[in-house]
Amino acid sequence: MSKAALAWCPFPNEAEARAVATHLLDEKLIACANILPGMVSLYEWEGERGESNEVGVLFKTSAQLRDSLAKRLTQLHSYASPAIMLWDVEAAPETTAEWLGGL
Amino acid sequence: MSKAALAWCPFPNEAEARAVATHLLDEKLIACANILPGMVSLYEWEGERGESNEVGVLFKTSAQLRDSLAKRLTQLHSYASPAIMLWDVEAAPETTAEWLGGL
Amino acid sequence: MSKAALAWCPFPNEAEARAVATHLLDEKLIACANILPGMVSLYEWEGERGESNEVGVLFKTSAQLRDSLAKRLTQLHSYASPAIMLWDVEAAPETTAEWLGGL
């Protein structure tokens, strides 16, 4: 069974996070999206310092879907270059592994 | 010294997250629980689409306790199949590594 | 290109999280800080049980800067031994990898 994986990606607001998560659920690229509100982001992008109010989203997927998820998320996201960080998960209970492995 | 590890698990509310975290601290399976409030989760489980208001919890443990933590968390959690994601941490300052390695 | 990496570290309040993040951006040790408010932490430290209201911060960096970031964060942080957890990221879209690889 494929390992589970997590993806972290900020969104400008909850409405967009919800819409994108729904697409990804429909397309069976994720099994769950945990949306964390009220996030403040400080960053430097192309030499410019910036700050924005965002929501953070942790997506649950399988390791074998990582690249497809990153590609589709980039297409669906309103930012031209959304910051998407994905990593494999060493272990999860069988029920979690089966849930994500079944994607 | 064992590597440090993190575990992410949603809970239906803060009260349950606090109660379970206290048990896990008592049983020396974690050294810390970071409880993040106001989380919205969109998911698909056994073919059914769902949404719930939850809190997200990041538990700090050691890599060698990963499986025991996952097992005990599953027993203590009110969900029949809580989604538990655990991963090892590549590096941490010595003080953090000793703190978690001492579990 | 160096892999991307994430670092998780709690702070006593948003003001300190912002100040430290700004330093780390100035010193090109991170490209972004996602500050998550309203966090409750339950922990055991040196045999004492404790609870505190904190903010959680997820820093985005590159794998090759991991140790320097951990060292500098420890120096800048108000806690004597801040809990810093760092891990490499398996994959990210090219734009994210270039952004962090350029640090």
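Because the structure is a prediction, the values reported are computed rather than measured.

Thresholds applied
- Residues numbered from 1 in each chain as written.
- Chains lettered and ligands numbered in written order.
- Predicted model: local features only at pLDDT ≥ 70, side-chain atom pairs only at ≥ 80, totals over all residues.
- Heavy atoms only, no water.
- Disulfide = S-S within 2.5 Å.
- Buried < 20%, exposed > 50% of the residue type's maximum accessible area, 1.4 Å probe, protein only.
- Helix = DSSP H or I, 4+ residues; strand = E, 2+ residues; numbered from the N terminus.
- Arc of directions from axis to C-beta.
- Contact = heavy atoms within 4.5 Å.
- Buried area = accessible area lost by both parts, 1.4 Å probe.
- Salt bridge = Lys/Arg side-chain N within 4 Å of Asp/Glu carboxyl O.
- Polar contact = N/O pair within 3.5 Å; in protein donor to acceptor, adjacent residues only side chain to side chain.
- Nonpolar A, V, L, I, M, F, W, Y, C, P; charged D, E, K, R; others polar.
- Least-squares fit on C-alpha atoms with pLDDT ≥ 70 in both.
- Core = buried A, V, L, I, M, F, W, Y, C linked by side-chain atoms within 4.5 Å.
- Axes fitted to C-alpha atoms, helices over the stretch in contact; angles between N-to-C directions.
- Parallel < 35°, antiparallel > 145°, perpendicular 65-115°, else oblique.
- Left-handed = near helix turned anticlockwise from the far one by under 90°.
- Pairing = 2+ DSSP bridges.

## Quick look at the state of the cysteines
Within the structure shown, the criterion is met by 0 disulfides over all chains. In this structure Cys32(C) is a free cysteine whose sulfur lies 11 Å from that of Cys9(A), the closest cysteine sulfur available. Residue Cys32(C) is classed as buried on the basis of its relative accessible area, which comes to 4%.

## Some remarks on helix α3 (residues 94-101) of chain A
An α-helical turn contains 3.6 residues, so any two residues separated by three or four positions project in the same direction. Among all positions of α3(A), only Thr96(A), Ala97(A), Trp99(A) and Leu100(A) are buried. For α3(A), the arc enclosing every buried residue in end-on projection is 160°, short of the 170-degree limit, so these residues lie on one face. As for α3(A), its buried residues are in contact with β1 (4-11), β2 (32-45) and β3 (48-62) of chain A together with β2 (32-45) and β4 (85-88) of chain B.

## As for the interface of chain A and chain C
Listed per partner, the contact involves 27 residues of chain A and 30 residues of chain C. The junction of chain A with chain C conceals about 2,200 Å² of combined surface from both sides, 61% of it contributed by carbon and sulfur atoms. Linking chain A with chain C are 3 salt bridges, by the criterion used here. Here Arg49(A) makes a salt bridge to Asp26(C), at a shortest N to O gap of 2.9 Å. Viewed at the interface, chain C and chain A are joined by 11 residue pairs in polar contact (both at pLDDT 80 or more). Among the elements of the structure, β1, β2, β3, α2 (66-76) and β4 (85-88) of chain A are those that each provide at least two residues to the side of chain A that touches chain C. For the side of chain A that touches chain C, the leading source of residues is β2(A), giving 10 residues. When the residues that make up the side of chain A that touches chain C are grouped by side-chain class, the tally is 16 nonpolar, 4 polar and 7 charged.

## Here's the deal with the relation of the copies chain A and chain C
Overlaying chain A on chain C yields an RMSD of 0.0 Å, the required transformation being a rotation through 120° with an accompanying axial translation of 0.0 Å. Viewed as a symmetry operation, the transformation between the two copies matches a three-fold axis. Distance from the rotation axis, computed per C-alpha, reaches its smallest value in chain A at Leu36(A): 4.5 Å. Little of the interface of chain A is mirrored in chain C: 15% of its interface residues are interface residues there too.

## Brief notes about the nonpolar core
In terms of nonpolar packing, the biggest core is built from 42 residues, with Trp8(A), Trp87(A), Trp8(B), Trp87(B), Trp8(C) and Trp87(C) touching the most fellow members. Excluding its chain neighbours within four sequence positions, the residues that come into contact with Trp87(C) are Trp87(A), Leu6(B), Trp87(B), Asp88(B), Val89(B), Glu90(B), Ala5(C), Leu6(C), Trp8(C) and Leu58(C).

## Remarks on the packing of helix α1 (residues 14-26) of chain B against helix α2 (residues 66-76) of chain B
Residues and elements named next belong to chain B. For the pair α1 and α2, the least separation of the axes is 11 Å and the interaxial angle reads 140°. Judged by the inter-axis angle, α1 sits oblique to α2. Helix-helix and strand crossings are classified by hand; for α1 and α2 the assignment is right-handed. Packed against α1, whose contacting residues are Val20, His23 and Leu24, the element α2 presents Leu69, Arg72, Leu73 and Leu76 at the interface.

## Here we look at the pairing of strand β3 (residues 48-62) of chain B
Residues and elements named next belong to chain B. Counting buried residues in β3 gives 11 out of 15 residues, a clear majority hidden from the surface. Where strand β1 (residues 4-11) and β3 come together, 8 bridges link them in antiparallel fashion. Bridge pairing links phenylalanine 11 to valine 55 in β3. When β2 meets β3, the two strands line up antiparallel, connected through 12 bridges. Bridging across to β3, tyrosine 43 finds its partner in glycine 50.

## Some details on the interface of chain B and chain C
Tallying the contact residues gives 30 residues for chain B and 27 residues for chain C. Both faces combined, the contact of chain B with chain C buries some 2,200 Å², and carbon together with sulfur accounts for 61% of it. If you look at where chain B meets chain C, you find 3 salt bridges. Where Glu44(C) meets Lys28(B), a salt bridge forms, and the shortest distance between an N and an O atom there is 2.9 Å. Scanning the region where chain B abuts chain C turns up 11 residue pairs in polar contact (both at pLDDT 80 or more). Counting residues per element, the ones that place at least two in the side of chain B that touches chain C are β1, α1, β2, β3, β4 and α3 (94-101) of chain B. Tallied by class, the residues present in the side of chain B that touches chain C amount to 19 nonpolar, 4 polar and 7 charged.

Remember, this is a structural readout, not a statement about activity or role.
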